[in-house]
Amino acid sequence: MPDLVSSSGSVWAVVPAGGSGSRFSQQQDKLLAELVGRPVLIHTVQALLSAPSVDGLVLVSSDMNQAAYQTLIRQWLPDAPVHFAIGGDTRRDSVFQGLLALPGEARIVLIHDAARPLIQPEIVEASITAVRQGNSGAIVAVPIHDTVKQTASDNRTIAQTLDRSRLWRAQTPQVFDKARLLQAHQHIAPDTPVTDDAQLMELAGLGPVTVISGDERNLKITTPTDLLMAEAFLQTR
Ligand code: CTP
Ligand code: MG
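Source: prediction; values computed, not measured.

About the cut-offs
Residues numbered from 1 in each chain as written. Chains lettered and ligands numbered in written order. Predicted model: local features only at pLDDT ≥ 70, side-chain atom pairs only at ≥ 80, totals over all residues. Heavy atoms only, no water. 1 Å grid on protein atoms, 1.4 Å probe; cavity = no way out; pocket = protein on both sides within 12 Å on 5 of 7 lines; lining within 4 Å. Points joined across faces, edges and corners; volume = space filled by probe spheres on them. Helix = DSSP H or I, 4+ residues; strand = E, 2+ residues; numbered from the N terminus. Nonpolar A, V, L, I, M, F, W, Y, C, P; charged D, E, K, R; others polar. Buried < 20%, exposed > 50% of the residue type's maximum accessible area, 1.4 Å probe, protein only. Arc of directions from axis to C-beta. Contact = heavy atoms within 4.5 Å. Near = heavy atom within 4 Å. Polar contact = N/O pair within 3.5 Å; in protein donor to acceptor, adjacent residues only side chain to side chain. Areas by Shrake-Rupley, 256 points an atom, 1.4 Å probe, with all protein chains shown as cover. Sits in = over half its atoms within 2 Å of the grid points.

Visitor: What is the right way to look at the layout of surface pockets in this model?
Guide: Sizing a probe to match a water molecule and rolling it over the atoms shows the empty space that remains. Taken as a whole, the largest pocket encloses approximately 970 Å³ of empty space. If you trace the largest pocket, you find 44 residues lining it, with R23, K30, R91, D113 and K220 closest to the centre. Looking at the lining of the largest pocket, the elements that each hand over two or more residues are β1 (10-17), α4 (91-100), β7 (137-143), β10 (168-177) and α7 (197-204). When residues of the lining of the largest pocket are assigned to their parent elements, the largest contribution, five residues, is made by β10. Residues belonging to the lining of the largest pocket are distributed by class as follows: 14 nonpolar, 20 polar and ten charged.

Structure representation (structure tokens):
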């Protein structure tokens, strides 16, 4: 009788950390910024590895930052199952390099931005469960509360008001069947503009990808203000 663990396959995370953080600072790497006593990157890696279903992760960084990140992981998490890969010019390229570096046993892959340190292990688990139940993918997202306007080509005149009851703000993690995500990366031309992994699956017609309700606090550290908000959220946890 096949055992349950191997038939559902192992779950690995790919963590894109290969950006330059240009909107945060030209001087300081946002992923090394201190957030309540630990670097942002360490929060992210610890949160992912504390989700019971996650077997390990591939940290994707720029060539320039790889040695520093390796040292940091060894200092903070000496025995953690963390592999390393070198990313590319875009987030999509970095994710693809991470996928190529996954161990062969990985069947489900979870993509999670290094810049989202407040992810909760329970939400990670819920997104993995959705893929284990047969979806091609599951992404964490939050409903939109503001009224959303679409403008005309002048980008000023309102063309229409979108029905916000069906609009979501996509976050990460985004979890997929590894083979199908690789297929999407290989089928969609490299110069196609995409802003997340689910979009590649949509373009490749490889659904269904489902939405898991996330948490507003799972913010992406983009500007220094985001770091202050993350601090405030952590202090009230
Ligand atoms: N990322 C990556 N490789 C790239 C670009 C981005 O791995 N070539 C990663 C970032 O390190 C980050 C995540 O993708 O963890 C989301 O990107 P973003 O928040 O835009 O970070 P940066 O690209 O680093 O920041 P900026 O756009 O302000 O330069
Ligand atoms: Mg960027």
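Visitor: Before we go on, may I ask you to explain helix α3 (residues 66-76) in this structure?
Guide: Residue pairs spaced three or four apart in an α-helix point in one direction, given the helix's 3.6 residues per turn. All buried positions along α3 are accounted for by Q66, Y69, Q70, L72 and I73. An end-on view of α3 places all buried positions within 160° of arc, on one side of the element. Away from its buried face by more than 90 degrees, α3 exposes R74 and Q75. Against the buried residues of α3 lie β1, β3 (38-39), α2 (40-49), β4 (56-61) and β5 (82-86).

Visitor: Teacher, can you tell me more about empty space enclosed by the protein here?
Guide: Under the criterion given, the structure shown has one cavity of 30 Å³ or more. Of the voids in this model, the largest cavity is the one considered here, and its volume is about 50 Å³. Tallied by class, residues from the lining of the largest cavity come to two nonpolar, two polar and three charged.

Visitor: Looking at this structure, how should I read the environment of H187?
Guide: Mapped onto the elements, H187 comes out in helix α6 (residues 178-187). The exposure class of H187 is exposed, given its relative accessible area of 60%. Sequence-wise, H187 and L203 are 16 residues apart; in three dimensions their C-alpha atoms are separated by 9.1 Å.

Visitor: What exactly am I supposed to notice about the site of ligand 1 here?
Guide: The environment of ligand 1 is formed by 18 residues, the closest being G18, G21, S22, S94 and K220. Contact distances for ligand 1 include 2.8 Å between an oxygen atom and a backbone N or O atom of P16. Here D89 contributes a backbone N or O atom positioned 3.2 Å from a nitrogen atom of ligand 1. A total of 560 Å² of accessible area belongs to ligand 1 in isolation, and the protein chains cover 88% of it. Placement of ligand 1 is best described as lying within the largest pocket. Those elements that provide at least two residues to the shell around ligand 1 are β1 and α4. Classifying every residue of the shell around ligand 1 gives four nonpolar, eight polar and six charged.

Visitor: Would you mind showing me how to read the side chain of H112 here?
Guide: Structurally, H112 is set in the loop between β6 (106-111) and α5 (121-132). Side-chain polar atoms of H112 contact the backbone oxygen of R116, separated by 2.9 Å. Of note is the side chain of H112, whose polar atom sits 2.8 Å from the side chain of T172. Once residues lying within four places of it in the same chain are set aside, the contact partners of H112 are V14, V15, P16, T44, L48, I119, T172, P173 and N218.

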